[in-house]
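Chains, contacts and geometry: an overview
What follows is the residue order along each chain.
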Amino acid sequence: QVQLVESGGGLVQAGGSLRLSCAVSGSIFSINAMGWYRQAPGKQRQLVAAITSGGSTNYADSVKGRFTISRDNAKNTVYLQMHSLIPEDTAVYYCHAVIRTFDYWGQGTQVTVSS
């Protein structure tokens, strides 16, 4: 059974930084794309950043230049380094992984940015 376990969320002041981690465990043959989504109260879940197995990245316009996604394939882990956080970044952040053709999600980690 595949599990995605996130860590690193919390409360931070505007302008601060946080680093999210997501470790994938279980019956894994190979992980294709990995990424981070977020969902703010009353809003739809949206893509924040994604990275392919080859290292190609994609970012939402709202986080370009502030967030960096990376992955350690040996550890089956994906990271999201967040800088210059603003209150609008407040949301539950979900880790996502595509393994074979199936989508897997983490339980979510809360990020709160105070003004």
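The following paragraphs examine the structure supplied in this document.

The rules behind these values
Residues numbered from 1 in each chain as written. Predicted model: local features only at pLDDT ≥ 70, side-chain atom pairs only at ≥ 80, totals over all residues. Heavy atoms only, no water. Helix = DSSP H or I, 4+ residues; strand = E, 2+ residues; numbered from the N terminus. Buried < 20%, exposed > 50% of the residue type's maximum accessible area, 1.4 Å probe, protein only. Contact = heavy atoms within 4.5 Å. Pairing = 2+ DSSP bridges. Axes fitted to C-alpha atoms, helices over the stretch in contact; angles between N-to-C directions. Salt bridge = Lys/Arg side-chain N within 4 Å of Asp/Glu carboxyl O. Disulfide = S-S within 2.5 Å.

Some remarks on the environment of Ser-56
Note that Ser-56 resides in the loop between strand S5 (46-51) and strand S6 (57-59). With a relative accessible area of 48%, Ser-56 lands in the partly exposed category. For the pair Ser-56 and Ile-69, spaced 13 residues apart in the sequence, the C-alpha separation amounts to 9.9 Å. Excluding anything up to four places from it in sequence, Ser-56 contacts Ala-50 and Ile-51.

Some words on the sheet that holds strand S1 (residues 3-7)
The strand order across the open sheet formed by four strands is S1-S3-S8-S7, and the pairing between neighbours is antiparallel. With partners counted over all chains shown, the strands left at the sheet margins are S1 and strand S7 (67-72), one partner each. In this sheet, adjacent strand axes meet at a mean angle of 15° when their direction is disregarded. Bridge analysis of S1 against strand S3 (residues 18-25) gives five bridges, and the strand direction is antiparallel. Bridge pairing in S3 links Gln-3 to Ser-25.

Re the environment of Ala-33
Within the fold, Ala-33 resides in strand S4 (residues 31-39). In this structure, the C-alpha to C-alpha distance between Ala-33 and Thr-52, residues 19 residues apart in sequence, is 4.3 Å. For Ala-33, the residues in contact, after removing those within four places along its chain, are Ile-51, Thr-52, Arg-71, His-96, Ala-97 and Val-98.

Observations concerning the pattern of salt bridges
The full count for this structure, using the stated rule, is three salt bridges. As a salt-bridge pair, Lys-64 and Asp-61 come within 3.1 Å of each other at their nearest N and O atoms. Given the relative accessible area of 65%, Asp-61 is considered exposed. Across the pair Arg-66 and Asp-89 runs a salt bridge, and its minimum N-O distance is 2.8 Å.

A word on the state of the cysteines
For the structure shown, the criterion picks out one disulfide. Put simply, Cys-22 and Cys-95 are joined by a disulfide, and their sulfur atoms are 2.1 Å apart. Across the S-S bond linking Cys-22 and Cys-95, the dihedral sits near -85°, which makes this disulfide left-handed. Placement of Cys-22 in strand S3 and of Cys-95 in strand S9 (residues 91-99) is noted, with a sequence separation of 73 residues between them.

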